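Tertiary structure, described
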Amino acid sequence: MSSHITFDGNLAEDPAFCTSDAGVCYARLVVITNDRYRNRAGEWTTGPAVRHRVTAFHRLAENAANTFRKGDPVLWPAPRPSPTTPTATATPEPVGRSSPTTSACP
């Protein structure tokens, strides 16, 4: 069983573009999202900010690194991977509990 997500938010920092030892290029992005919902009184409320770490590979990584900058709005679909579709992974992480991020890749 697999799960696929789509979320929208804004980039928290410029994408970090890297190449692995095996020669695979990838980009690391950090996207901040806020859910909006109606509270019990019927008023719209903004939920807590959530940080998503996203890793894009191959052509998607190149496009993301060349196109996106800090603060840009992002709609991130995570389609089902196929041999010809660039893949992306996302790990939600509460903003207050994140480790420091850098623009350099390990």
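Quantities reported herein were computed from a predicted structural model and do not represent experimental measurements.

Cut-off values and rules
Sequence order sets the numbering: in each chain, residues are counted from 1 along the sequence as written. Per-residue local features are limited, in this predicted model, to residues with pLDDT of at least 70; the limit for side-chain atom pairs, both in listing and counting, is 80 or more; totals at the level of whole chains, interfaces and linings are taken over all residues. To obtain the side-chain values, all non-hydrogen atoms of the structure were used and water was disregarded. Where helices and strands are cited, they refer to DSSP runs of H or I of at least four residues and of E of at least two residues respectively, numbered from the N terminus. Burial classes follow relative accessibility: with a 1.4 Å probe on protein chains only, a residue under 20% of its type's maximum area counts as buried, one over 50% as exposed, and anything between as partly exposed. Whether two residues touch is decided by their heavy atoms; if any such pair falls within 4.5 Å, the residues are in contact. Only the protein chains shown count as covering a residue, and every accessible area follows the Shrake-Rupley method with a 1.4 Å probe. Strands are treated as partners if at least two bridges between them are detected by DSSP. Stacked, edge-to-face and tilted labels apply to pairs of Phe, Tyr and Trp rings (six-membered ring for Trp) whose centres lie within 6.5 Å, assigned for plane angles under 30 degrees, over 60, and everything in between, in that order.

A word on the overall build of the protein. The helix and strand tally for the protein stands at one helix and six strands. In the protein, the order of α-helices and β-strands from amino to carboxyl end is β-β-β-β-α-β-β. Taken across its 106 residues, the protein has 27% of its residues classed as buried. Counting only contacts in the protein whose residues sit at least 6 apart along the sequence, the fraction spanning at least 24 positions is 63%. As presented, the protein carries roughly 7300 Å² of accessible surface, and 52% of it is formed by carbon and sulfur atoms.

For strand 1 (residues 6-11) and strand 3 (residues 25-38), the ladder comprises two bridges, and the chain directions are antiparallel. Bridging from a neighbouring strand, leucine 11 pairs with valine 31 of strand 3. In this structure, the hairpin formed by strand 2 (residues 16-19) and strand 3 is closed by a connection of five residues, where glycine 23 is found at a positive phi of approximately 90°. With twelve bridges connecting them, strand 3 and strand 4 (residues 44-57) associate as antiparallel partners.

Its identity as a non-glycine residue notwithstanding, histidine 58 has a phi of 60°, on the positive side. Structurally, histidine 58 is set in helix 1 (residues 58-67).

What follows covers the packing of aromatic side chains. Throughout the structure, instances matching the rule amount to one aromatic pair. When the centroid spacing of 6.5 Å and the interplanar angle of 45° are considered together, the rings of tyrosine 26 and phenylalanine 57 count as tilted. With a gap of 31 residues between them, tyrosine 26 in strand 3 and phenylalanine 57 in strand 4 connect regions that are remote in the sequence.

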